[in-house]
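Now for the letters of each chain:
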Number of protein chains: 2
Amino acid sequence: MSEHIVTRYDDELKDVQRRIAEMGGMAERLVDLSVRALTRLDTTMANSVIADDRRLDQVQRECEELAIMIIARRQPMALDLREVIGAMRISNDLERIGDLAKNIAKRVLALDGQFQSKRFITGVEHMAELSLAQLKDVLDAYAARDVNQAFEVWRRDADIDSMYTSLFRELLTYMMEDPRNITLCTHLLFCAKNIERIGDHATNIAETVHYVVTGEALTQDRPKQDESSVTSVSYETR
Amino acid sequence: MSEHIVTRYDDELKDVQRRIAEMGGMAERLVDLSVRALTRLDTTMANSVIADDRRLDQVQRECEELAIMIIARRQPMALDLREVIGAMRISNDLERIGDLAKNIAKRVLALDGQFQSKRFITGVEHMAELSLAQLKDVLDAYAARDVNQAFEVWRRDADIDSMYTSLFRELLTYMMEDPRNITLCTHLLFCAKNIERIGDHATNIAETVHYVVTGEALTQDRPKQDESSVTSVSYETR
């Protein structure tokens, strides 16, 4: 392979990485904005999240097309192939994170004008901080190709899951206390679920970093699952 | 390219298609089983969905690896490349549909022993029938590479979305009527959301069929969005 061709291949790979970095920054920003829009019930901010998510979708498609072209034309092997496949997977997760932020933003529009109590929102806000920290950390781990940092993110996902499970119970309790809380708390439950899913995508990215660097899948079972789906709050026995 | 190589390439492509067909059948079965488990609150059936979803995940990974190997080794162009990319995308959507069926099954475990009224379930069951029909139709459209049939699926997704929006309102109303309904109806809301997402993935597959056959994206905006996220039910004014 001539040096000329090698250089162009490196350029193409760098181009993909640049887009991933761009998408990572956008995804972080959308998550942050969507949660701030929720805690302040700021519909202007929510609308900007919905609009900006389209750009993230577009970069994801470009990134995927580029990656496929690299595989077809350059036939990368081993680490190089894993880099390209990893980029495709991560761009996919970041795009989904953008969708989840958009879903939160859309619920802000539903809640416009609803009675709002700070105590309902606190738990969601706290979960969002944790998910956002996970996202930042895993993007750092990817940038540094740091398997240990990626593993730490992967391990910590259990914290978000257990926080979600207790928040699920808490919001159900508020609904039972006063039916006027039902609409708000239902939307907050869906927001919390979206935030929990953002954490899952950070975990996916951690697994991808592990695969890119080591060539092996993180085969251990995930530390813990969200248990809210097997959670009941009984009205009678509270 | 020798005939020998051409034949092997065709065999590889057929191998990918076979796996997609297998995944399609599994996804349909998991959705069907999960909804039947829900309507009967049958935990044995629910547990079998959870177990079988692992197999779907495994076939998806195999399918993705095969597709990447084909791109790297065969450098397919034009329609052939679209076939391989299409297979990767569809296997991804089918794997996600399996996850959503698994989520429904996990909620059945949560609802075990809960008071159950048939009227709460009917709406979810009806939505599930529609989503399952969409999934069957889009898999047929893919098998026949039938763009018109794919477009029909794509167009009909609006029906599921509007059904979901009215079901969302209905379930909120049941919660407000009697707080003892809250836990059950919350789980049903998440089930309904999962079913609505299954419809979205059928729509994604329809878009992929269009892309594979025509080489162009279905660029029209999707017919309608789920509007439940902007839905409120006011307790005071019912």
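This structure is a prediction, so every number in the text was calculated from the model and none was measured.

### Examining the pattern of salt bridges
Residues and elements named next belong to chain B. Using the criterion set out here, one finds 37 salt bridges over all chains in the structure. Between Arg96 and Asp99 there is a salt bridge, with its nearest N and O atoms 3.7 Å apart. Placement of the pair is Arg96 and Asp99 together in helix α3 (residues 78-111), with a separation of three residues, close to one helical turn. For the pair shown, Arg96 and Asp99 are each scored as buried.

### Examining the packing of helix α3 (residues 78-111) of chain A against helix α4 (residues 118-143) of chain A
Residues and elements named next belong to chain A. Close contact between α3 and α4 brings their axes to 13 Å; oriented N to C, the two are set at 165°. Regarding the angle of α3 to α4, the classification is roughly antiparallel. For the crossing formed where α3 meets α4, the hand is left-handed. Only Leu135, Leu139 and Tyr142 of α4 make contact with α3, whose side of the interface consists of Glu83, Ala87, Ile90, Leu94 and Ile97.

### Some remarks on the packing of aromatic side chains
Across all of its chains, the model carries nine aromatic pairs over all chains by this definition. Ring centres 6.3 Å apart and planes at 45° place the aromatic pair Phe168 of chain A and Phe190 of chain B in the tilted group. Residue Phe168 of chain A is located in helix α5 (residues 147-177), and its partner Phe190 of chain B is located in helix α6 (residues 182-214); the two belong to separate chains. Overall, the relative accessible area of 0% leaves Phe168 of chain A in the buried class. Measuring from centroid to centroid gives 4.7 Å for Phe120 of chain B and Tyr174 of chain B, while their planes differ by 45°, and the two rings are tilted. Taken as a pair, Phe120 of chain B in helix α4 (residues 118-144) and Tyr174 of chain B in helix α5 (residues 147-177) lie far apart in primary sequence, 54 residues in all. Cluster of aromatic residues (ring-pair linked, three or more members): Tyr164, Phe168 and Phe190 of chain A together with Tyr164, Phe168 and Phe190 of chain B. The cationic tip of Arg89 of chain A hangs over the ring face of Tyr211 of chain A; the distance from NZ or CZ to the ring centre is 4.9 Å.

### With respect to the environment of Glu170 of chain A
Residues and elements named next belong to chain A. In this structure, Glu170 sits in helix α5. The class for Glu170 is partly exposed, based on a relative accessible area of 29%. As for Glu170 and Leu189, which are separated by 19 residues in sequence, their C-alpha atoms are 9.8 Å apart.

### A few points about helix α2 (residues 43-74) of chain A
Residue and element names in this part refer to chain A. With 32 residues, α2 should reach 46 Å at 1.5 Å per residue; the first-to-last C-alpha distance of 47 Å fits that figure. Near the N-terminus of α2, the side chain that reaches the backbone nitrogen of Thr44, with its oxygen 3.1 Å away, is that of Asp42. Phi turns positive one or two residues past the end of α2, at Gln75, with a value near 45°.

### Section: the environment of Ile198 of chain B
Residue and element names in this part refer to chain B. Mapped onto the elements of the fold, Ile198 is located in helix α6. For Ile198 and Arg96, which are 102 residues apart along the polypeptide, the C-alpha to C-alpha distance reads 8.1 Å. When neighbours within four sequence positions are excluded, Ile198 is seen to be in contact with Val31, Ile97, Leu100, Ile104 and Ser131.

### Examining unusual backbone geometry
All names here are of chain A. Notably, Leu41 is not glycine yet its phi reads approximately 45°, a positive angle. Counting through the fold element by element, Leu41 comes out in the loop between α1 (3-40) and α2. Among the residues examined, Leu41 registers a relative accessible area of 17% and is labelled buried.

### Description of the confidence of the model for chain A
A low pLDDT score tells you not to read the predicted coordinates there in detail. For chain A, mean pLDDT is 88; residues scoring 70 or higher make up 87% of the total. Here α1 of chain A is the element of chain A with the lowest mean pLDDT, 88, and helix α6 (residues 182-214) of chain A is the one with the highest, 95.

### A few points about the side chain of Asp53 of chain B
Mapped onto the fold, Asp53 of chain B is located in helix α2 (residues 43-74). Ignoring any residue separated from it by four or fewer positions in sequence, one finds Asp53 of chain B in contact with Leu30, Gly98, Asp99 and Lys102 of chain B.

### Notes on the environment of Ala143 of chain A
Residue and element names in this part refer to chain A. As for its placement among the helices and strands, Ala143 is situated in helix α4. The exposed category is assigned to Ala143, whose relative accessible area is 62%. Expressed as a C-alpha distance, the spacing of Ala143 and Ile20, which sit 123 residues apart in the sequence, is 9.7 Å.

How each quantity is defined
Residues numbered from 1 in each chain as written. Chains lettered and ligands numbered in written order. Predicted model: local features only at pLDDT ≥ 70, side-chain atom pairs only at ≥ 80, totals over all residues. Heavy atoms only, no water. Salt bridge = Lys/Arg side-chain N within 4 Å of Asp/Glu carboxyl O. Helix = DSSP H or I, 4+ residues; strand = E, 2+ residues; numbered from the N terminus. Buried < 20%, exposed > 50% of the residue type's maximum accessible area, 1.4 Å probe, protein only. Axes fitted to C-alpha atoms, helices over the stretch in contact; angles between N-to-C directions. Parallel < 35°, antiparallel > 145°, perpendicular 65-115°, else oblique. Left-handed = near helix turned anticlockwise from the far one by under 90°. Contact = heavy atoms within 4.5 Å. Phe/Tyr/Trp six-rings, centres within 6.5 Å; stacked < 30°, edge-to-face > 60°. Lys NZ or Arg CZ within 6 Å of the ring centre and 35° of its normal. Expected span 1.5 Å × (residues − 1). Polar contact = N/O pair within 3.5 Å; in protein donor to acceptor, adjacent residues only side chain to side chain. pLDDT = per-residue confidence, 0-100.

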